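Working through the structure, step by step
Residue strings, one per chain:
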Amino acid sequence: MKLPTGPATPATDGAAALDEATRACRAVSTITAEIGASGSIGGRRFRARLTAGLAPPASARLEAAAPFGAPLFIFVARADEATLLLPHDNRVLEHGRPAAVLEALAGLPLDASELRLALVGCPAKADAADAKQLGEDWRMLADGSNDVYLRRESKGAAWRLVAIVHRDTATAGWRAEYREMEMGLPTSVRFAGSVSGSFDVRLALSQVETNAPLGAEVFRVQIPPDAEPMTLDELRRARPGVREN
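Residues numbered from 1 in each chain as written. Predicted model: local features only at pLDDT ≥ 70, side-chain atom pairs only at ≥ 80, totals over all residues. Heavy atoms only, no water.

A few words now on helix α3 (residues 112-120). Most of α3 is tucked away: seven of the nine residues are buried. Ala112, Leu115, Arg116, Leu117, Ala118, Leu119 and Val120 are the residues of α3 that are buried. Capping the start of α3 is the job of one residue whose side-chain oxygen sits 3.2 Å from the backbone nitrogen of Ser113: Asp111. (Buried < 20%, exposed > 50% of the residue type's maximum accessible area, 1.4 Å probe, protein only. Helix = DSSP H or I, 4+ residues; strand = E, 2+ residues; numbered from the N terminus. Polar contact = N/O pair within 3.5 Å; in protein donor to acceptor, adjacent residues only side chain to side chain.)

Shown next, in the form of structure tokens:
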């Protein structure tokens, strides 16, 4: 996605544009979805079918379907602790930091709370006070150290969030892009690292359900007693479902 670079002038309608663009996502508490995922991680291609469930403040479950039998992997996170089970290999990573485990698995430096917001296209704490106008139909706002881009198709059309550029120096930066929306929520999401060969993950969401109750049992996984422990480095090397080009 080509984002405008300027010249930027102060925008007086930043708060109204942000409110309109995020009205639907701010109404989302829990979300479940089927996700078609594809792209590349660390220069290796992948394709997967995921089932996702996420709830505030910081709970997530991701299951990747295998061609047959048990899931390829099950990732669960609650607060600051995550577990990843590889049923086919009978291996498990326990008590990991959610963002570290998800980064090792899929290249995405997100914890459960950040992943939920990213999937529904909601900035965490965007501030419209210093909103910038980049032409007639683009607005840019700060979200901490990140930049949030809003766009409308034409004057009078609805504002929508189209990208968040994450300027995290620890990960060299990355962006989330939102090209397709339905009822104000994304149906496609792209996560792309700014460094070539880091990650380029594309998600197509379907069967989305919001605000349905998700009990604590959703975010637990039964670990076989004979499962062999694994480390983050071993997970990063294995990355189930990811293949060499």
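The rest of the description comes next.
Core analysis: the biggest nonpolar cluster contains 60 residues, and Phe73, Phe75, Leu84, Leu150, Phe191 and Leu203 have the highest contact counts within it. The element that contributes the greatest number of residues to this core is α3, accounting for six residues. Discounting residues that sit within four places of it in the chain, Phe75 has contacts with Ala60, Arg61, Leu62, Ala82, Thr83, Leu84, Pro98, Val101 and Leu102. (Core = buried A, V, L, I, M, F, W, Y, C linked by side-chain atoms within 4.5 Å. Contact = heavy atoms within 4.5 Å.)

Glancing now at the side chain of His166. Structurally, His166 can be placed in strand β11 (residues 160-166). Here the side chain of His166 touches Asn146 through a polar contact of 3.4 Å, side chain to side chain. Excluding anything up to four places from it in sequence, His166 contacts Asn146, Gly173, Trp174, Arg175 and Ala176.

Attention shifts here to the environment of Asp168. Considering the arrangement of structural elements, one finds Asp168 in the loop between β11 and β12 (174-182). Sequence separation between Asp168 and Ser145 is 23 residues, and the spatial gap between their C-alpha atoms is 7.4 Å.

Everything listed is a geometric property; what it means functionally is a separate question.
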